[in-house]
Amino acid sequence: MQRLIRRRDVTGSAAALERSGLHPLLARVYAGRGVEDAAELNLELGSLLPPATLSGTAEAAQLLAQALAKGERILIVGDFDADGATSTALAVTVLRACGAAHVDYLVPNRFDFGYGLSPEIVDIGLQDKPQLIITVDNGISSLSGVRRAADAGVRTLITDHHLPGRDLPEATVIVNPCLPGCHFASKNLAGVGVIFYVMLALRAELRRRNWFAERGLPEPNLGEVLDLVALGTVADVVPLDRNNRILIDAGLRRIRAGRARPGIQALLEISGRRAERLVAADLGFAVGPRLNAAGRLEDMSVGIACLLSEDAAIAAGLAGQLHELNLERRQIEQGMQREALSLLADLELREPDDEQPLSYVLYRPGWHQGVVGLLASRIKDRMHRPTIAFADAGGGLLKGSARSIPGLHIRDILDAVATRHAGLVGKFGGHAMAAGLSLEASRLDEFRQALEAEVTLHAGDVRLQAELESDGELEPAEFDMALAETLRLAGPWGQHFPEPLFDGVFELITQRIVGEKHLKMLLRLPDGGLDIDAIAFNIDTGLWPNPGIDRVRIVYRLDVNEFRGQRSLQLLVEDLQLSS
C-alpha cells in the first residue's frame, strides 16, 4: 500500500526557536514535534516531574519502608517483555541496595500462565512465603490475583502503566499514572518509569527515617539504574513526552560514558552497537528485541538474569543465549509472515478492492503464541488497518495480540465488542495501539464479524491510508555530515517524537541490489552538482531495480555511514516512489 507523504506544519514556533539560537533546521524539526519554547528542550534530570505528583508514591514508599524495617520477604512479579524485565531488575537492584533482606522475583511463563498476577501465579509465589508482593508493568487488571493474595494474608503493591478497567484490584497500594484522579503530568510512563518513581519516593522516605545512617548503608544512587529505565522505556514504544525524554537521555548518557551495567553492555556488544555512539533507536531495534526474545520463546528469567548480573563474563554468556533466541524468533516470524500474506492474498482474490475489510483477524494452526504480536504489527504496518493475530493456547482457546493505527483505540474497541457481545471475549487489556486478548477458538468467525462492525462504527474520519510525515526538503548545503550527526543526537527520538524525515525528488544515477533485498542507489539533486549515496532496506525486488526509472521521490533520514574506518554521508530511504 503506497503511503501518503505529508509535511509537518511548523508555522509560528520555528521562528521563535530559531531566535533562541537553534540551528534553523533543528528549529524546524522541533517545531514540527510541538515544541514551542526552547526551555522544553532542557533534558536535565532536575527538570523531572517530582515523585510526589504521582498518586500513590508516598503510600507505596511507606509500605516498602515498613516492609524493610520488619525484614519481610518481598516478591516482585513482572511481565515477560523488555519493559517488565527492566522493571523487575530495577526493583530488585534498588530494594537490595536499600537493605532488603529477602527480595526475589517471579515472571509468569506466557505459555503456561499468561499475563499478570493471576491466582495461579500467586499460588506459585506463596511457596516462598512472601509477605508483600510488588507487581511491575502489570497488575492493574489482576482483580482475582490480588484477592487470592489477600486471602493468604499477603499485601500487594501494584505498579503499572496500563489503562485500568471499570473495576480496580483491592490492592494495599496502587501506583499508576493512568488511574482516575491521578494528576501526574506524564501519562506516558513505561512500567519501568513507574517503578523508578516509586523507588525515588522510597529513598526519600528512608532518608526521612534516617534509615541509611543508622544502619551504615550507603545511600543508593538511582542514577545507576537509569540505563534500565532508558532501555525499558524505549523498548515499550511509549510516547516520548518531555519527561520520558529526560529519563531516556540520562540513561543514554550513562551508557555512552561506559557506565552501563554488564548485561546491557553485553547486549550492545553482541548486537554490534558501540556504546559511545548509542542512540535510542539502538535500544529499540537491537537491544530490546534480543531481550524480548526470551519472553517470546521461553521465559524471561534469562533476560532478567542478564540485566542483574554483575559479572561481565556471565553477562556475556547470557547475552549470547538471548542472541540465539532472537535468531530463532526471526526465523519463526518470517515463516508466519509468509503464511499471513498468503491469507491476505486469498482475501483480495475473493473481494474487490472497495470491499476490503477495515480490520484483519488472522489465524493459522501452528502459529507461535510468543510471536503473534510481532506478526500483527507487521501486517498493521503493511495494510494500515487494525490487526489481530491469534495462536493456539490449548484447551480450545486462542490468544491474540492486537495492533492498531492512530484514531482507532484498540483497547476501547475490544471493550465495546465485549460489552455488545457478552461472553465473546475472554480476558483482554492494553493500550490505544496494542492489546492482548483470549477467545474461544470456535467463535473466531463471530469475533471477526463483531470486530469489523465495531471498527466500522469507530472509523469515522480516520485516515485508512498510511502516512509519512516529512520535515520538508533540504537545501543543498544541508546535506552535511556534521548536520547529520547533530540531528542524530538531537533526540532522543521515538514514539510521538520521531526522528527527522525529509523528502525530495532526485535523479537516479545508479541502482543495484545488495544483501539480497536492499537497494543501493546513487542519487543526484535535480540542480546537479551533488551526488549522494542512498540505501532502501527490504524493498520489493519485483519492482526494483528498474532501469527505466531516472527520477524518484524519496522520504529519507540523513545518516553517516561507517565502513572500514571511512565515514560518508548516506540517505536512509524510508519510502521510495516514482516521480513524474
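Quick note: structure is the one above.
My aim in this report is to walk through the structure given alongside it, one point at a time.

Conventions adopted
- Residues numbered from 1 in each chain as written.
- Predicted model: local features only at pLDDT ≥ 70, side-chain atom pairs only at ≥ 80, totals over all residues.
- Heavy atoms only, no water.
- Helix = DSSP H or I, 4+ residues; strand = E, 2+ residues; numbered from the N terminus.
- Rg over C-alpha atoms; globule rule 2.2 N^0.38 Å.
- Buried < 20%, exposed > 50% of the residue type's maximum accessible area, 1.4 Å probe, protein only.
- Contact = heavy atoms within 4.5 Å.
- Areas by Shrake-Rupley, 256 points an atom, 1.4 Å probe, with all protein chains shown as cover.
- 1 Å grid on protein atoms, 1.4 Å probe; cavity = no way out; pocket = protein on both sides within 12 Å on 5 of 7 lines; lining within 4 Å.
- Points joined across faces, edges and corners; volume = space filled by probe spheres on them.
- Nonpolar A, V, L, I, M, F, W, Y, C, P; charged D, E, K, R; others polar.
- Core = buried A, V, L, I, M, F, W, Y, C linked by side-chain atoms within 4.5 Å.
- Axes fitted to C-alpha atoms, helices over the stretch in contact; angles between N-to-C directions.
- Parallel < 35°, antiparallel > 145°, perpendicular 65-115°, else oblique.
- Left-handed = near helix turned anticlockwise from the far one by under 90°.
- Pairing = 2+ DSSP bridges.
- Salt bridge = Lys/Arg side-chain N within 4 Å of Asp/Glu carboxyl O.
- Expected span 1.5 Å × (residues − 1).
- Phe/Tyr/Trp six-rings, centres within 6.5 Å; stacked < 30°, edge-to-face > 60°.

Moving on to the overall build of the protein. The number of helices and strands found in the protein is 18 helices and 17 strands. Relative to its length of 580 residues, the protein is compact, with a C-alpha radius of gyration of 25 Å against a globular reference of 25 Å. Each of the 580 residues in the protein was classed as buried or not, and the buried ones make up 54%. Long-range contacts, defined as pairs at least 24 residues apart, comprise 67% of the intrachain contacts of the protein with a sequence gap of at least 6. Accessible surface, the protein: about 25,200 Å² in total, of which carbon and sulfur atoms supply 48%.

The rolling of a water-molecule-sized probe over the atoms marks out the regions of remaining empty space. Roughly 430 Å³ of volume is contained in the second largest pocket. In terms of lining, the second largest pocket is formed by 20 residues, of which the most central are T93, E224, V225, R261 and E310. For the lining of the second largest pocket, the secondary structure elements donating two or more residues are α4 (82-97) and α13 (301-308). Here the residues of the lining of the second largest pocket sort into 10 nonpolar, three polar and seven charged.

Time to look at the nonpolar core. Counting residues in each nonpolar core, the largest one holds 159 residues, and the members touching the most others are L90, L95, I134, F196, M199, F479 and L571. No other element matches the 10 residues that helix α7 (residues 191-208) contributes to this core. Beyond its immediate chain neighbours, meaning those up to four positions away, M199 contacts L64, L90, A91, V94, L95 and L222. Listed in part, the 25 residues of the second largest apolar core include F390, I405, A450 and V455.

What follows concerns the packing of α4 against α13. Packed helices, taken two at a time, are described by their axes: the angle between them and the distance between them. Put simply, α4 and α13 touch, their axes get as near as 9 Å, and they point 45° apart. For the element pair α4 / α13, the angle class is oblique. For α4 against α13, the interelement crossing comes out right-handed. Across the interface between the two elements, A85, T86, T88, A89, V92 and T93 of α4 pack against I304, L307 and L308 of α13. For the contact of α4 with α13, the class distribution of residues is six nonpolar, three polar and no charged.

Moving on, we come to the environment of I246. On the secondary structure map, I246 appears in helix α10 (residues 242-256). Exposure remark for I246: the relative accessible area of 1% places this residue in the buried category. Between the C-alpha atoms of I246 and R256, which are 10 residues apart in sequence, the distance is 15 Å. Ignoring sequence-local partners within four residues, the contact set of I246 consists of N42, L43, E44, L45, S47 and L48.

Here we have five strands laid out as an open sheet, ordered β3-β2-β4-β5-β6, and parallel in their pairing. Whereas interior strands pair on both sides, the edge strands pair on one side only; in this sheet they are β3 (102-106) and β6 (173-175). Within this sheet the neighbouring strands show an average axis-to-axis angle of 15°, counted without direction. Pairing geometry for strand β4 (residues 132-136) and strand β5 (residues 155-159), over five bridges, is parallel. Note on β5: the bridge partner recorded for L132 is R155. In the packing of helix α3 (residues 57-69) onto the sheet, contacts are made with β2 (73-77), β4, β5 and β6, and the angle to β6 comes to roughly 130°.

Here we come to helix α11 (residues 262-270). Restricting attention to buried positions, one finds in α11 the residues G263, I264, A266, L267 and L268. One or two residues past the end of α11 sits G272, with phi positive at roughly 75°.

Glancing now at the pattern of salt bridges. On inspection of all chains with the given rule, the structure shows 36 salt bridges. D445 is the salt-bridge partner of R448, the closest N and O atoms lying 2.6 Å from each other. In this pair, R448 and D445 are both assigned in helix α17 (residues 444-459), three residues apart and thus about one turn of the helix distant. Here the residues in one salt-bridge network are R6, R8, R33, R463, E467, E469 and D471, joined through shared partners.

Each full turn of the α-helix corresponds to 3.6 residues, which orients residues three or four apart in the same direction. Its 13 residues place the ends of α3 18 Å apart at the C-alpha level, agreeing with the 18 Å of an ideal helix rising 1.5 Å per residue. Those residues of α3 not exposed but buried are T57, A60, A61, L63, L64, A65, A67 and L68. At the C-terminal side of α3, G71 shows a positive phi close to 65°.

Once that is clear, we can look at the packing of aromatic side chains. The final tally for this structure, using the stated rule, is 10 aromatic pairs. Geometrically, the ring pair formed by F196 and Y197 is edge-to-face, given 6.4 Å between the ring centres and 90° between the ring planes. Considered together, F196 and Y197 belong to a single accessibility category, that of buried residues. Note on F479 and F506: the rings are 6.2 Å apart at their centroids and 85° apart in plane angle, and the pair reads as edge-to-face. With F479 in the loop between β12 (467-470) and α18 (481-488) and F506 in strand β13 (residues 502-514), the pair connects residues that are 27 residues apart, well separated along the chain. Pair check on accessibility: F479 and F506 agree, each one buried. Following the ring pairs from residue to residue traces out a cluster consisting of F479, F502, F506 and Y556.

Residue position: R329 is located in helix α14 (residues 312-350). Once residues within four sequence positions are removed from consideration, R329 is found in contact with P289, R296, L297, V371, L374 and R378.

Reading around the barrel, the five strands line up as β13-β14-β15-β17-β16 and close back on themselves, with mixed pairing between neighbours. The average undirected angle you get between the axes of adjacent strands in this sheet is 45°. Relative to strand β16 (residues 551-563), β13 runs antiparallel, the two sharing six bridges. Following the sheet pairing, V505 is matched in β16 by R553.

What follows concerns the environment of P289. Inspection of the secondary structure assignment puts P289 in helix α12 (residues 280-297). Through-space distance from the C-alpha of P289 to that of V35 is 30 Å; in sequence the pair is 254 residues apart. With residues near it in sequence (within four places) discarded, P289 still touches L283, G284, N326 and R329.

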